[in-house]
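Breakdown of the fold
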Amino acid sequence: MGKYFGTDGIRGVAGEDLDAELAFKIGRAAATVLTRAAKQSKPPAFGDKPRVMIGRDTRVSCDMLESALSAGLCSAGADVTALGVLPTPAVAYLTIKTQSDMGIVISASHNPFEHNGIKIFGCDGYKLSDELEELIEKLIDDDSNVKKVTGGDLGRIIVDHGEWVGEYVKYLATASTAGRFPGRVAIDCANGAASETARMLFRLLHAEFEIVADEPDGININVGCGSTHLDYIRDMMKTGRFDIGIAFDGDADRCLIVDENGKTVDGDVMLTVLANDMKNSGTLKGDGFVGTVVSNAGMEIFAGENGFKFHRADVGDRNVLEMMKELGCNLGGESSGHVIFSDFMTTGDGQLTALKFLNVLTKSEKTVSELVKGVPRLPQVMPSFKLTDGQRQRDRILSSSKLTEEIKKQEKLLEGSGRIFIRPSGTEPIIRVLVEAKTEELSAQIAENILDFMQEI
């Protein structure tokens, strides 16, 4: 991770870590770096000026950040198309569709509304390389080489909150190949970006559905709803009126499934079911699919028993995608429900994932619980240790030799079956502690022991 860029763009508390001044500098620096990179591979999309597509989620701070970011882009001579509220993958798709030089999303995904972030896609619809992020960071801190224009060379802002939404939704609908789902669907939009597209999409599919948490007010995004707060949709499922529940996160680049009994189907199980279906239909490329170092070991067991492989990348969708490219795979994802179908999208798309899962469910003629029953899952917990002193505390804990000794001590309790994995979050001030053991109780106890020990460091 760099000074500003984390594992998923630039994140921070809006108005504090991520304020209007920084957003302006990011816009100007990104326009300078990205337009140079784009010109090496293709001419600008429209006339002599580079074009930038900007989408956002529903946070109240998006207005401030979008205005400042757009001003920075225009000051460097870039024309901006303001798409309004749209899922992150929609912006990646439309960047390619419109042959724009860059796509930017203002969102902090699943984080609380006080947080926000800036994600940048290149002209190819992919998130930026480490090298390009480093160049942007240098120009944020030193603007002596930033492109500055005047007069007619200044960029313009075009507001387009309608046309391109339909383009994206129609493209998504092409992924629905199994016919109309015969059951009833409950959909939780997290009061986020899916609020703008989900209703349109499921109407296009002629599905029978009910949508909740689709009335954003700027501060209720991810509050008691969405893929990080599943009690809302679990309760809906327990009424017996629905056959499947689908919950998106704030920017709709991920989703989780809830079965007909109100039980969560996490990203690991969901991804394994999708991989198995693609393998059976002959559409799974490479020798298998890609997860991460924190993915449940049950995925490896299932893949091995069914004639394909499971590969582990470092945490982060960019790392997953890089391994997919390296191995020639077209499916990968994370436990959070962030799934990448590289034949369709350059990044994870929660609504696309939901459609793909509904395809498998429709073809199987099973209930959700029956469909996922065959995927083994080792008891796993992953609680978080909240940092109160930021990076200094994080580095102190992770470099502690005493913590290393404590982990070895706790590993003896596993009796050779399970694992302990500790990592810092790239988007929040926390350290995640993953424990897999023979039982849920043992996993929880070991995790608690480690969390308690961290308090003393």
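What about the overall build of the chain?
When helices and strands are tallied, the chain shows 15 helices and 20 strands. Relative to its length of 457 residues, the chain is compact, with a C-alpha radius of gyration of 22 Å against a globular reference of 23 Å. The dimensions of the chain, computed from C-alpha atoms along their principal axes, are 70 × 55 × 40 Å. Looking at the 457 residues of the chain, the share that counts as buried comes to 58%. Contacts spanning at least 24 positions in sequence make up 70% of the contacts within the chain whose residues lie at least 6 apart. Summing over all exposed atoms, the chain offers an accessible surface of approximately 18900 Å²; the carbon and sulfur share of this is 49%. Each charge sign in the chain was given a centre, from 51 positive and 68 negative side chains, and these centres are 2 Å apart.

Describing the pattern of salt bridges
Within this structure, the stated rule accounts for 34 salt bridges. Residue glutamate 134 pairs with lysine 138 through a salt bridge whose shortest N-O separation is 3.8 Å. Placement of both glutamate 134 and lysine 138 in helix H4 (residues 130–141) is noted, with a separation of four residues, approximately one turn of the helix. Salt-bridge contacts for aspartate 389 lead to arginine 392; the nearest nitrogen and oxygen are separated by 3.3 Å. With relative accessibility at 32%, the residue aspartate 389 sits in the partly exposed group. By relative accessible area, which is 63% here, arginine 392 ends up exposed. Connected via shared salt-bridge partners are Asp8, Arg11, Lys119, Lys127, Asp251, Asp253 and Asp317.

Regarding empty space enclosed by the protein
Throughout the structure, instances matching the rule amount to two cavities of 30 Å³ or more. In this model, the largest cavity occupies a volume close to 90 Å³. Considering the residues around the largest cavity, the lining is formed by Phe5, Gly6, Thr7, Asp8, Gly9, Lys119, Ile120, Lys127, Leu128, Glu133 and Arg318. At the level of secondary structure, the elements contributing two or more residues to the lining of the largest cavity comprise strand E1 (5–6) and strand E6 (115–122). Considered class by class, the residues forming the lining of the largest cavity number three nonpolar, three polar and five charged. The computed volume of the second largest cavity comes to approximately 30 Å³. In terms of lining residues, the second largest cavity is bounded by Asp268, Val269, Thr272, Asn296, Gly298, Met299, Val375, Pro376 and Arg377.

Describing H4
The terminal C-alpha atoms of H4 lie 17 Å apart, and with twelve residues this matches the ideal 16 Å at 1.5 Å per residue to within 8%. Within the span of H4, buried status applies to Glu133, Ile136, Glu137, Leu139 and Ile140. Viewed along the axis of H4, the buried residues span an arc of 165°, placing them on a single side of the element. Seen from the open side of H4, the exposed residues pointing more than 90 degrees away from its buried face are Glu131 and Lys138.

Some points on the layout of surface pockets
If you roll a probe as big as a water molecule over the atoms, it shows you where there is empty space left. The volume enclosed by the second largest pocket comes to roughly 740 Å³. Looking at the lining of the second largest pocket, the elements that each hand over two or more residues are E1, strand E2 (9–13), E6 and helix H13 (390–398). Per element, the largest residue contribution to the lining of the second largest pocket is five residues, and it comes from E2.

Remarks on the sheet that holds strand E3 (residues 51–56)
The strand order across the open sheet built from seven strands is E1-E2-E6-E5-E3-E4-E7, with neighbouring strands paired in mixed fashion. A single partner strand is all that each edge strand has here, and the edge strands are E1 and strand E7 (157–159). Across six bridges, E3 lies against strand E4 (residues 79–85) in parallel orientation. Bridged to valine 52 within E4 is valine 80. Lying over the sheet, helix H3 (residues 88–97) contacts E3, E4, strand E5 (102–106) and E6, oriented at roughly 165° with respect to E5.

What counts as what
Residues numbered from 1 in each chain as written. Predicted model: local features only at pLDDT ≥ 70, side-chain atom pairs only at ≥ 80, totals over all residues. Heavy atoms only, no water. Helix = DSSP H or I, 4+ residues; strand = E, 2+ residues; numbered from the N terminus. Rg over C-alpha atoms; globule rule 2.2 N^0.38 Å. Buried < 20%, exposed > 50% of the residue type's maximum accessible area, 1.4 Å probe, protein only. Contact = heavy atoms within 4.5 Å. Areas by Shrake-Rupley, 256 points an atom, 1.4 Å probe, with all protein chains shown as cover. Lys, Arg positive; Asp, Glu negative; His and termini not counted. Charge placed at Lys NZ, Arg CZ, Asp CG, Glu CD. Salt bridge = Lys/Arg side-chain N within 4 Å of Asp/Glu carboxyl O. 1 Å grid on protein atoms, 1.4 Å probe; cavity = no way out; pocket = protein on both sides within 12 Å on 5 of 7 lines; lining within 4 Å. Points joined across faces, edges and corners; volume = space filled by probe spheres on them. Nonpolar A, V, L, I, M, F, W, Y, C, P; charged D, E, K, R; others polar. Expected span 1.5 Å × (residues − 1). Arc of directions from axis to C-beta. Pairing = 2+ DSSP bridges. Axes fitted to C-alpha atoms, helices over the stretch in contact; angles between N-to-C directions.

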